[in-house]
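# Per-entry structural report
Single-letter residue listing:
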Protein chains: 2
Amino acid sequence: MYDGPPDTGRSETEQAIMDATLRALATHGYADLSIKNIGTEFDKSTSLLYYHYESKDELLLAFLDYILDIFAASIDPDAEDPDEELREFVSYILTDETDGPEVLAFQRTIIELRAQTIHKESYRAKFGDIETRMIETVKTLIEREIEAGHYREMDAEMMAENLMAFLYRALDVRVTGTRPESIDAMRDSVFFLLDNVMPLSGDPARPEDTSN
Amino acid sequence: MYDGPPDTGRSETEQAIMDATLRALATHGYADLSIKNIGTEFDKSTSLLYYHYESKDELLLAFLDYILDIFAASIDPDAEDPDEELREFVSYILTDETDGPEVLAFQRTIIELRAQTIHKESYRAKFGDIETRMIETVKTLIEREIEAGHYREMDAEMMAENLMAFLYRALDVRVTGTRPESIDAMRDSVFFLLDNVMPLSGDPARPEDTSN
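All figures in this text were calculated on a predicted structure; none of them were measured in a lab. (Residues numbered from 1 in each chain as written. Chains lettered and ligands numbered in written order. Predicted model: local features only at pLDDT ≥ 70, side-chain atom pairs only at ≥ 80, totals over all residues. Heavy atoms only, no water.)

## A few points about the packing of aromatic side chains
By the definition in use, this model includes ten aromatic pairs over all chains. Centre to centre, the rings of Y30 of chain B and Y123 of chain B are 6.4 Å apart; their planes meet at 80°, and the pair counts as edge-to-face. A residue pair is termed long-range when its members are at least 10 positions apart, and Y30 of chain B in the loop between α1 (12-28) and α2 (35-40) and Y123 of chain B in helix α7 (residues 121-147) qualify at 93 residues. There is no split in this pair, since Y30 of chain B and Y123 of chain B are both buried. Relative to Y92 of chain B, the ring of F71 of chain B has its centre 6.4 Å away and its plane inclined at 80°; by these criteria the two rings are edge-to-face. With a gap of 21 residues between them, F71 of chain B in helix α4 (residues 56-74) and Y92 of chain B in helix α5 (residues 82-94) connect regions that are remote in the sequence. Judged by its relative accessible area of 8%, F71 of chain B is buried. Members of the aromatic cluster, joined through ring pairs, are F71, Y92 and F106 of chain A. Positioned above the aromatic ring of Y168 of chain B, the side-chain terminus of R169 of chain A is 5.6 Å from the ring centre. The ring of Y30 of chain B is capped by K56 of chain B, whose NZ or CZ atom sits 5.7 Å from the centre of that ring. (Phe/Tyr/Trp six-rings, centres within 6.5 Å; stacked < 30°, edge-to-face > 60°. Helix = DSSP H or I, 4+ residues; strand = E, 2+ residues; numbered from the N terminus. Buried < 20%, exposed > 50% of the residue type's maximum accessible area, 1.4 Å probe, protein only. Lys NZ or Arg CZ within 6 Å of the ring centre and 35° of its normal.)

Following this line, the structure appears as structure tokens:
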């Protein structure tokens with residue numbers, strides 16, 4: 001279940017601006033986003049937006065930092081139980097219908113802003129940071145379970161890249177709606193890795209694999 | 001090496017319009033695309049564009065059909081050697097720097113138009129068709145190699161979904177530039193599946209995996 005965004009240490013006003021930006025993006029999409037329609041979603045005076053951010057671009061870069069912080073808060077490399085932390089993280093990304101329109105709006109916004117990396121170098125750097133941070137954290141959690149003797153020896157970075165490819169495809173298809181069957185396939189693939197391939201106790205043969 | 005787009009059976013004028021649309025999208029991006037700047041890239045009279053297509057939207061839907069046909073021509077479920085066909089297809093998607101700016105422009109255009117599926121149902125249906133057709137074709141080629149006794153027994157559709165997730169992530173990162181290391185990781189993962197996991201003769205243990 002989704003409990004709302006985590007606390008990212010922003011002031012009340014900054015948090016209200018981030019919430020308004022998310023709502024405006026969800027309603028209007030990136031192409032039609034303006035400070036004016038962010039202001040419409042904002043309880044306080046629109047002039048406060050200009051006080052905090054010089055332009056729409058500056059506000060959106062701050063919004064990307066906010067997203068980065070939310071993701072950073074969604075997975076902790078120092079978590080007490082790394083396997084449990086990985087499972088909670090993948091469940092957070094794989095989310096389902098019961099999590100409601102808020103989560104879908106957030107995910108849609110991420111995918112839409114990410115497409116802008118094609119044209120905007122500043123966005124590219126922020127998304128690069130987010131992706132590298134997530135893959136590094138997943139890698140660290142895997143390495144901790146290998147050291148603890150719970151996971152097999154493996155190339156932890158490659159496994160992290162594979163997990164992220166499946167999660168990214170699931171996130172993308174949930175948002176774009178192009179091929180809903182792929183979401184289930186990605187969920188099955190992620191849990192096949194977590195349940196069968198990674199743990200020493202798992203059986204990495206696929207059910208249909210009769211070669212072993 | 002890239003030999004230019006395959007023949008998709010379009011008339012000379014239609015082909016010239018598709019080429020002009022690709023160039024205009026590569027130059028201006030989706031947000032700033034207009035019939036006018038497609039016309040600038042078109043050798044003949046802009047009025048010919050209006051003769052063929054009533055609106056920019058209609059032209060772009062025809063352009064998506066063109067992309068679908070190019071992809072369909074890039075992989076043949078009835079190819080004589082299914083394993084070779086799969087390898088040629090993944091190499092086509094994984095492409096590299098030597099393939100030049102044309103291929104990158106084509107890939108960038110696909111990713112940019114795909115993000116529009118969030119807002120446009122007509123685009124969503126076209127991309128859904130493309131993805132389902134590619135996954136079904138990959139599945140068919142895998143099944144043919146299983147039947148021929150060259151590949152292990154496996155869930156061919158799940159393997160096709162996994163291959164497509166890796167290829168899609170590689171394509172996306174090539175275009176967005178967010179995390180270039182991921183392209184190599186995806187290439188390694190695709191060829192690990194093709195060389196080690198899928199063939200009966202392969203050794204599906206990862207090099208670092210000492211559990212077998």
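Now, onward.
## What to know about the interface of chain B and chain A
At the junction of the two partners, chain B supplies 44 residues and chain A supplies 44 residues. On inspection of chain B and its partner chain A, the count reaches eight salt bridges. The residue E131 of chain A makes a salt bridge to R169 of chain B at a minimum N-O spacing of 3.0 Å. The interface formed by chain B and chain A contains 26 residue pairs in polar contact (both at pLDDT 80 or more). When residues of the side of chain B that touches chain A are traced back to their parent elements, those giving at least two are α6 (100-115), α7, α8 (156-176) and α9 (181-197) of chain B. (Contact = heavy atoms within 4.5 Å. Salt bridge = Lys/Arg side-chain N within 4 Å of Asp/Glu carboxyl O. Polar contact = N/O pair within 3.5 Å; in protein donor to acceptor, adjacent residues only side chain to side chain.)

## Section: the UniProt feature "domain: HTH tetR-type" (unreviewed entry) in chain A
Under the UniProt annotation, the feature "domain: HTH tetR-type" (unreviewed entry) is placed at residues 11-71 of chain A. Annotation note: span residues 11-71 of chain A, helix share 75%, strand share 0%, distance between end C-alpha atoms 18 Å. (UniProt positions renumbered as here; feature names shortened; annotations may be inferred.)

## A closer look at a negative patch on the surface
On the surface, E80, D81, E84 and E88 of chain A cluster together to form a negatively charged patch. Looking at where D81 of chain A falls in the secondary structure, it is placed in the loop between α4 (56-74) and α5 (82-94). (Patch = residues over 30% accessible without salt bridge, like charges linked within 9 Å, V, L, I, M, F, W, Y side chains within 5 Å. Areas by Shrake-Rupley, 256 points an atom, 1.4 Å probe, with all protein chains shown as cover. Lys, Arg positive; Asp, Glu negative; His and termini not counted. Charge placed at Lys NZ, Arg CZ, Asp CG, Glu CD.)

## Focus: the pattern of salt bridges
Applying the stated rule across the entire model yields 28 salt bridges over all chains. For D69 of chain B, the salt bridge identified is with R10 of chain B, shortest N-O distance 2.9 Å. Taken as a pair, D69 of chain B in helix α4 and R10 of chain B in the segment before α1 lie far apart in primary sequence, 59 residues in all. In the salt-bridge network here, residues are joined through shared partners; they are K139, E157 and E161 of chain A together with R179 and E181 of chain B.

## Notes on the relation of the copies chain B and chain A
One copy of the chain maps onto the second through a rotation around an axis plus a translation along that axis. Each copy of the sequence occupies a distinct position, and chain B is placed on chain A by a rotation of 180° and an axial shift of 0.0 Å, giving an RMSD of 0.0 Å. The two molecules are tied by a two-fold rotation axis, judged by turn and shift. Mapped onto chain A, 100% of the interface residues of chain B again fall at the interface, so both copies present the same surface. (Least-squares fit on C-alpha atoms with pLDDT ≥ 70 in both.)

## Describing the nonpolar core
In this structure, L113, I142 and M198 of chain A together with L113, I142 and M198 of chain B are the most contacted members of the largest nonpolar core, which totals 118 residues. Excluding its chain neighbours within four sequence positions, the residues that come into contact with I142 of chain A are L86, Y151, M154, A156, M159, A160, L163 and M198 of chain A. Residues I111 and V175 of chain A together with Y168 and L171 of chain B belong to the second largest nonpolar core, which totals ten residues. (Core = buried A, V, L, I, M, F, W, Y, C linked by side-chain atoms within 4.5 Å.)

## Observations regarding the packing of α1 of chain B against α4 of chain B
All names here are of chain B. Two elements in contact, α1 and α4, have axes separated by 10 Å at closest approach and are oriented at 100°. By the angle between their directions, the pair α1 and α4 is classed as roughly perpendicular. Facing Q15, I17, M18, D19, T21, L22 and L25 of α1, the residues of α4 in contact are L59, L60, A62, F63 and Y66. (Axes fitted to C-alpha atoms, helices over the stretch in contact; angles between N-to-C directions. Parallel < 35°, antiparallel > 145°, perpendicular 65-115°, else oblique.)

## Regarding helix α8 (residues 156-176) of chain A
Residue and element names in this part refer to chain A. When the terminal C-alpha atoms of α8 are compared, their 30 Å separation across 21 residues agrees well with the 30 Å that a helix rising 1.5 Å per residue should span. The element α8 is largely enclosed, with a buried count of 20 among its 21 residues. Taking the backbone nitrogen of E157 as reference, a side-chain oxygen 3.3 Å away marks D155 as the first, capping residue of α8. After α8 finishes, the residue G177 shows a positive phi value of roughly 70°. (Expected span 1.5 Å × (residues − 1).)

## Side note on the domain arrangement of chain A
All names here are of chain A. Domain parsing of chain A yields domain 1 (7-64) and domain 2 (75-197). Taking the mean C-alpha position of each, domain 1 and domain 2 sit 26 Å from one another. Counting from both sides, the interface comprises eleven residues of domain 1 and, opposite them, 13 residues of domain 2. Taking both partners together, domain 1 and domain 2 bury about 1,100 Å²; carbon and sulfur atoms supply 72% of that area. For the domain 1 face of the interface with domain 2, the top three residues by lost area are Y30, L61 and L64, together amounting to 57%. For the interface between domain 1 and domain 2, the tally reads one salt bridge. (Domains from an automatic or database assignment. Buried area = accessible area lost by both parts, 1.4 Å probe.)

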